[in-house]
Amino acid sequence: MCDKSKKAGLQFSVNGTIDYINKFITPSYLEYKISVEVAVIITSTLEYLSAEILELSGNNVSSSKVIHDNHIEKGICSDEELNGVFGYYFVKKKNETFLQNEITKIGRHLDLTDGIKKVLKQVHPNLDISDESCSSVCFLLSVMRKNLIEKSINLCKFIKKDIVENEDILIIIRMIISNELGKHALLEASKAVYKFTKD
């Protein structure tokens, strides 16, 4: 666990989010700055969503003790709010060209893989996840990360500011992740930022 993640009490890598911003976002939005606290909020949100996905997916596993894509699909589709955020994936997944194009756009972000496996051990200590299914969850979270960052930058463009701050990303989280799922994501993000900044 990297130092920033440890300080924020997170399993997912805050440095991974910062590296992603520097590599994939900054070159297209050079005039905009994103604070480390915003990276903490984004990382916390991804971790919370992964825990929700993995917990519901693991509930569908029987004797195999391994989460596969059909378990993830059942888990997401069984929850109205998660399905509203991620259900598109299982329709689009049938189109391999679409997926490859999307993966090319967002990159293969291996920093999420370790976090996914760590979170799985928290929510279902006796289960494993297949490489394919881990890639599926990684893809979903990668798309979410990209959307959160780009939409927060677009918000800053609209209100004519060049620094993405905590309140900006929190507005975007409320927009993208609705109802109770969004409320819990915001609560977890607030806890992570408090831990990160309290010393």
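Definitions and limits used
Residues numbered from 1 in each chain as written. Predicted model: local features only at pLDDT ≥ 70, side-chain atom pairs only at ≥ 80, totals over all residues. Heavy atoms only, no water. Helix = DSSP H or I, 4+ residues; strand = E, 2+ residues; numbered from the N terminus. Contact = heavy atoms within 4.5 Å. Areas by Shrake-Rupley, 256 points an atom, 1.4 Å probe, with all protein chains shown as cover. Expected span 1.5 Å × (residues − 1). Buried < 20%, exposed > 50% of the residue type's maximum accessible area, 1.4 Å probe, protein only. 1 Å grid on protein atoms, 1.4 Å probe; cavity = no way out; pocket = protein on both sides within 12 Å on 5 of 7 lines; lining within 4 Å. Points joined across faces, edges and corners; volume = space filled by probe spheres on them. Phe/Tyr/Trp six-rings, centres within 6.5 Å; stacked < 30°, edge-to-face > 60°. Lys NZ or Arg CZ within 6 Å of the ring centre and 35° of its normal. Disulfide = S-S within 2.5 Å. Axes fitted to C-alpha atoms, helices over the stretch in contact; angles between N-to-C directions. Parallel < 35°, antiparallel > 145°, perpendicular 65-115°, else oblique. Left-handed = near helix turned anticlockwise from the far one by under 90°. Nonpolar A, V, L, I, M, F, W, Y, C, P; charged D, E, K, R; others polar. Polar contact = N/O pair within 3.5 Å; in protein donor to acceptor, adjacent residues only side chain to side chain. Core = buried A, V, L, I, M, F, W, Y, C linked by side-chain atoms within 4.5 Å.

S.K.: How do you make sense of the overall build of the protein chain when you look at a structure like this?
M.R.: Across its full length, the protein chain holds 11 helices and 4 strands. Restricting the contact set of the protein chain to residue pairs at least 6 apart, pairs at least 24 apart contribute 72%. Taken as a whole, the protein chain presents about 10,100 Å² of accessible surface, with 50% of it coming from carbon and sulfur.

S.K.: How should helix H9 (residues 131-158) be read in this particular structure?
M.R.: Each turn of an α-helix holds 3.6 residues, which means side chains three or four residues apart point in the same direction. Helix length check: H9, at 28 residues, gives a terminal C-alpha distance of 40 Å against a target of 40 Å (1.5 Å per residue), a fit within 8%. Across the 28 residues of H9, 20 count as buried, placing the element largely inside the fold. Downstream of H9 by one or two residues, Lys160 has phi in the positive range, about 60°.

S.K.: Honestly, the layout of surface pockets in this entry has me stumped. Any pointers?
M.R.: Space left empty within the atom packing is revealed by a probe, the size of a water molecule, rolled over the atoms. Taken as a whole, the second largest pocket spans an internal volume of roughly 210 Å³. If you trace the second largest pocket, you find 13 residues lining it, with Gly9, Leu10, Ser44, Glu47 and Glu188 closest to the centre. For the lining of the second largest pocket, the elements supplying multiple residues, two or more each, are helix H3 (36-58), helix H8 (111-123) and helix H11 (179-197).

S.K.: Is there a simple way to think about the side chain of Thr113 in this case?
M.R.: Along the chain, the position of Thr113 falls in helix H8. Beyond its immediate sequence surroundings of up to four residues, Thr113 is in contact with Cys134 and Cys138.

S.K.: Sorry if this is basic, but what is going on with H3 here?
M.R.: With 23 residues, H3 should reach 33 Å at 1.5 Å per residue; the first-to-last C-alpha distance of 32 Å fits that figure. Across the 23 residues that make up H3, a large majority, 18, are buried.

S.K.: Help me understand the packing of aromatic side chains, please; the structure alone is not making it clear to me.
M.R.: If you walk through the whole model with that rule in mind, you get 0 aromatic pairs. Sitting above the plane of the Tyr20 ring, Arg145 keeps its charged end 4.5 Å from the centroid.

S.K.: What am I meant to see in the state of the cysteines here?
M.R.: Any covalent bond linking the sulfur atoms of two cysteines counts as a disulfide. Applying the stated criterion across every chain, the model contains 0 disulfides. Here Cys138 is not disulfide-linked; the sulfur of Cys134 is the nearest cysteine sulfur, at 6.6 Å. For Cys138, a relative accessible area of 9% translates into the label buried.

S.K.: Help me out: how do you make sense of the packing of H3 against helix H10 (residues 166-176) in this one?
M.R.: Packed helix pairs are specified by the crossing angle of their axes together with the interaxial distance, meaning the distance between the axes. Viewed as axis vectors pointing N to C, H3 and H10 meet at an angle of 25°, and their least axial separation amounts to 9 Å. On the basis of the axis angle, H3 is roughly parallel to H10. Every pair of crossing elements has a handedness; the one defined by H3 and H10 is right-handed. Contacts from Glu37, Val38, Ile41, Ile42 and Thr45 in H3 reach Asn166, Ile169, Leu170 and Ile173 in H10. In terms of residue class, the contact of H3 with H10 is built from 6 nonpolar, 2 polar and 1 charged.

S.K.: Before we go on, may I ask you to explain the side chain of Asp168 in this structure?
M.R.: Along the chain, Asp168 falls in helix H10. The buried category is assigned to Asp168, whose relative accessible area is 2%. A distance of 2.8 Å separates a polar atom in the side chain of Asp168 from a polar atom in the side chain of Lys161. Setting aside chain neighbours within four positions, we find Asp168 in contact with Ser152, Leu155, Cys156, Ile159, Lys161 and Ile163.

S.K.: Can you help me understand the nonpolar core in this one?
M.R.: Within the largest apolar cluster, 61 residues are counted, with the highest numbers of intra-cluster contacts made by Phe86, Ile116 and Ile173. Elements represented by at least two residues in this core include exactly helix H2 (14-25), H3, helix H4 (69-77), helix H5 (80-86), H8, H9, H10 and H11. Looking at this core element by element, the count peaks at 13 residues for H9.

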